[in-house]
Amino acid sequence: KSKTLFLKSASWFKKALKLDPNDIDTLVICGGALCNAGKNKDALEVLDKSITLKPKNRVTLENAFSNKAITLMNLAENAKTEKEENKLYKRSIKCFDKALRINPHRVHTRVNKWFVLNELNIKNKEYYTLLDTVLLDNPQEYYALWAKAEYLMHIRKFKFALKILFIELKIV
């Protein structure tokens, strides 16, 4: 049902873009709606256009890069080959990095980048610190707690994962 709503909203944004095809904010919002509707190739095209127009508003530019990164993640998850998947994930990381240079404190950008590093099996210093920095900023950040618990279960540290899951339950 939510995909249908995102598709509907994207169609309204497309109508608005017919009136002003270079409205950067509308392009970014439309790209995000298309991404959430599962129309990732269309989303990528719209978001690339918004970035090419060089938004002066930092929030708009950050959202454009973040939405593009998530769109690339979605495309990677549906890639036909592992090579294509890795290429899309690496492009996604570059977009997350650009978004984080604009706003290094955005939680979802950091957590989503962590997921991509995890998918690529890149276990560098950044990988280990991304979620911890989110949790230092906000110890009750549900999205980061969930990701951390999932990771701890994956590496078979169940006792620590359960502690985090109990924290999550108190928040919800």
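Details of the structure are given in the entry above.
The sections below set out a description of the structure shown in this document. Quick caveat, the model's predicted, so the values are computed rather than measured.

So, the layout of surface pockets
And then number 1: Of the pockets and cavities examined, the largest pocket occupies roughly 180 Å³.
And then number 2: Surrounding the largest pocket, Lys14, Leu17, Lys18, Pro21, Leu27, Asp42, Glu45, Val46 and Lys49 form its lining.
And then number 3: Sorting the residues of the lining of the largest pocket by element identifies helix 1 (2–19) and helix 3 (40–52) as the ones contributing at least two each.
And then number 4: Per-class residue counts for the lining of the largest pocket are four nonpolar, no polar and five charged.

Concerning the packing of aromatic side chains
And then number 1: Applying the stated rule across the entire model yields one aromatic pair.
And then number 2: Summarising the aromatic geometry, the rings of Trp114 and Phe115 are spaced 5.2 Å apart at their centres and angled 75° between planes, so their arrangement reads as edge-to-face. Residue Trp114 shares its accessibility class with Phe115, and that shared class is buried.
And then number 3: Above the ring of Trp12, the side-chain terminus of Lys15 is found at 4.4 Å from the ring centroid.

Observations regarding the side chain of Asn40
And then number 1: The topology assignment puts Asn40 in helix 3.
And then number 2: At 3.2 Å, the side chain of Asn40 and the side chain of Asn74 are in polar contact.

What counts, and where the lines are drawn
Residues numbered from 1 in each chain as written. Predicted model: local features only at pLDDT ≥ 70, side-chain atom pairs only at ≥ 80, totals over all residues. Heavy atoms only, no water. 1 Å grid on protein atoms, 1.4 Å probe; cavity = no way out; pocket = protein on both sides within 12 Å on 5 of 7 lines; lining within 4 Å. Points joined across faces, edges and corners; volume = space filled by probe spheres on them. Helix = DSSP H or I, 4+ residues; strand = E, 2+ residues; numbered from the N terminus. Nonpolar A, V, L, I, M, F, W, Y, C, P; charged D, E, K, R; others polar. Phe/Tyr/Trp six-rings, centres within 6.5 Å; stacked < 30°, edge-to-face > 60°. Buried < 20%, exposed > 50% of the residue type's maximum accessible area, 1.4 Å probe, protein only. Lys NZ or Arg CZ within 6 Å of the ring centre and 35° of its normal. Polar contact = N/O pair within 3.5 Å; in protein donor to acceptor, adjacent residues only side chain to side chain.

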